[in-house]
Amino acid sequence: NDAEAETGSRKRQQRLLLILESYLQLLGRLDASSPVLPKGFDVVAESFRLADIARSSGVQRALTASAARARIDDPALAELARKEQDAQRRINSLNTLLTQLLSAAADQQLPQVQQKIRSDVDALRQQRESYRKDIARRFPDYAQLVDPRPVTLEEARRRLHPGEVLVAWYFGEEGGQVWAVPAQGQARSAPVALSRARLAAAVAGLRRALDPGVTSIEEIPPFDVAAAHDLYVQLLQPVLPARQGARILLAVPHAELGQLPLSVLVTEAVPSPGRSPLPFAAYKEVPWLARSVAIAQLPSVTALGSLRALKPGDSGRRPFIGFGDPLFSEEQARLAALPPKGMATRGAPLHLRSVPRT
């Protein structure tokens, strides 16, 4: 009920996850025309909604809170929101203190103090609930933004722009599922024969060439083009009809898939590029997914609603493109200076700048 409080035992969470994943697997096996389904029951829409609840993360909550703060322009709303957030912080602090007391030695548990903390927590929860009800009554748009309902398939479709397709995944202990929702046309879902453990292994294999941790160019291992194509076949090919014609793919990855840039998936089976005089030049002809569609990544489907509920930016903004891997100091700039034209790169050391030295 209260994600911000992070309450509930790990055992209970594991049990709930087992129930949820079993239900998702059941829905994935059912055909829309199955006689066991209630009339009007949409299997794809039901599994899509539940998977987004299960995918919800700290990133999503932070994004929702950030979007909500950006919408506050009423002093009365700002005051109520501050009080509600302060009450939750105090609840969290008291719960942490209570946990510490409960785990102390028997003669140090201070029963009377524990009772007082429980009483204070109950009072703060009632106070916070009154703030939330007040916000919902007086500022319903903000209330929906800060505590969004799970997004249904049709709601997600309404938030898409022409030429976009939303693709989401969920991976459990025994297998996964993929959903594709185009701005126009039929939404599709399909099972993915990858457990979370097998997905993690596949992603780790591809990342070896992307984040190798070596000291020279020659030591960078070749990128496994065949494995990247195999992953594409499993993750995206089953919902290809829903993606056709889309110019932008809004991806909602799950688990370790979020650690892989989807642009490096390979859309056709091609031989692995050989060595070339110019490092990596042979990869130029590989049919990367990035060649066929632009890709944007979201932490959850609900985040799409949060982002598109933001006020539009300044209409006079100029276009911007940003590249990562910045230089943080003059020393790094000197180290990163390119060799003169024509100078051999063989044996040249790689200057990895992932840790700032300012």
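Scroll up to find the structure this text is about.
These notes cover the structure that comes with them. Here the residue numbers are simple positions, counted from 1 along each chain's written sequence. Totals for whole chains, interfaces and linings use all residues, but because this is a predicted model, local features are given only for residues with pLDDT of at least 70 and pairs of side-chain atoms are given and counted only at 80 or more. Water and hydrogen atoms were dropped before computing side-chain values, which therefore reflect all heavy atoms in the structure.

What follows deals with the packing of helix H4 (residues 75-102) against helix H5 (residues 111-138). Angles run from 0 to 180 degrees between N-to-C directions of axes, and those axes are lines fitted to C-alpha atoms, restricted for helices to the stretch in contact. Each helix is a run of DSSP H or I of at least 4 residues and each strand a run of E of at least 2, with the numbering of both proceeding from the N terminus. Axis separation between H4 and H5 bottoms out at 9 Å; the angle between their running directions is 155 degrees. The angle between H4 and H5 places the two elements in the roughly antiparallel class. Considering only the axes of H4 and H5, their crossing is left-handed. Here the term charged refers only to Asp, Glu, Lys and Arg, the term nonpolar to Ala, Val, Leu, Ile, Met, Phe, Trp, Tyr, Cys and Pro, and the term polar to all other amino acids, Gly among them. Residue composition of the contact of H4 with H5, by class: 17 nonpolar, three polar and 10 charged. What sets the label is the angle itself: under 35 degrees gives roughly parallel, over 145 gives roughly antiparallel, 65 to 115 gives roughly perpendicular, and the rest give oblique. Definitions for this section: a left-handed crossing has its near helix turned counterclockwise from the far helix by less than a right angle. A right-handed crossing has that turn clockwise.

Attention now moves to the packing of aromatic side chains. Aromatic rings from Phe, Tyr and Trp, taking only the six-membered ring of Trp, are treated as a pair when their centres fall within 6.5 Å; an angle between ring planes under 30 degrees marks them as stacked, one over 60 as edge-to-face, and anything in between as tilted. On inspection of all chains with the given rule, the structure shows two aromatic pairs. Taken together, a centroid distance of 5.5 Å and an interplanar angle of 65 degrees make the contact between Phe223 and Trp288 edge-to-face. Of this pair, Phe223 sits in the loop between helix H8 (196-210) and helix H9 (225-235) while Trp288 sits in the loop between strand E4 (248-252) and strand E5 (294-297); the two residues are 65 residues apart in sequence, bridging distant segments of the chain. Side by side, Phe223 and Trp288 carry an identical accessibility label, which is buried. In textbook terms, an aromatic cluster arises when at least three aromatic residues are bridged by ring pairs, as seen for Phe223, Tyr283 and Trp288. Relative accessible area decides the class of each residue, using a 1.4 Å probe on protein chains only: under 20% of the type maximum gives buried, over 50% gives exposed, and in between gives partly exposed.

With that settled, the discussion passes to the pattern of salt bridges. The term salt bridge refers to a pairing of a side-chain nitrogen on Lys or Arg with a carboxyl oxygen on Asp or Glu at a separation within 4 Å. Enumeration according to the criterion identifies 12 salt bridges in this entry. Put simply, Lys116 and Asp120 hold a salt bridge, and the shortest N to O gap is 2.9 Å. With a gap of four residues between them, Lys116 and Asp120 both fall in helix H5, about one helical turn apart. For Asp120, a relative accessible area of 27% puts it in the partly exposed group. Among the charged side chains, a salt-bridge network with shared partners connects Glu79, Arg82, Lys83, Asp86 and Arg89.

Moving on: H8. A helix is expected to reach a length of 1.5 Å times the quantity of its residues less one. Across its 15 residues, H8 extends 21 Å between first and last C-alpha, which sits within 8% of the 21 Å expected from 1.5 Å per residue. Only heavy atoms enter the contact rule, under which two residues are in contact if any of them lie within 4.5 Å. Next to the buried residues of H8 lie strand E1 (164-171) and H9.

Time to look at the sheet that holds strand E3 (residues 188-192). Should DSSP find at least two bridges between two strands, the strands are taken to pair. Strand order in this open sheet of five strands is E3-E2-E1-E4-E5, and the pairing throughout is mixed. Of all the strands in the sheet, just E3 and E5 have a single pairing partner and so form its edges. On average, each strand axis in the sheet is inclined to that of its neighbour by 20 degrees, with strand direction left out of account. Direction of pairing for E1 relative to strand E2 (residues 176-182): antiparallel, over a ladder of seven bridges. Paired with Trp169 across the strands is Val178, a residue of E2.

Positive phi is not limited to glycine here, since Ala255 has a value of about 55 degrees. Among the structural elements, Ala255 can be located in the loop between E4 and E5. The phi dihedral of Phe280 falls on the positive side, at around 70 degrees, and the residue is not glycine. Topologically, Phe280 is positioned in the loop between E4 and E5. Take Phe280: its relative accessible area is 44%, and that puts it in the partly exposed class.

We now examine the environment of Asp74. Within the secondary structure layout, Asp74 lies in the loop between helix H3 (58-70) and H4. Each C-alpha atom of the pair Asp74 and Phe139 lies 9.7 Å from the other, and the pair is 65 residues apart in sequence.

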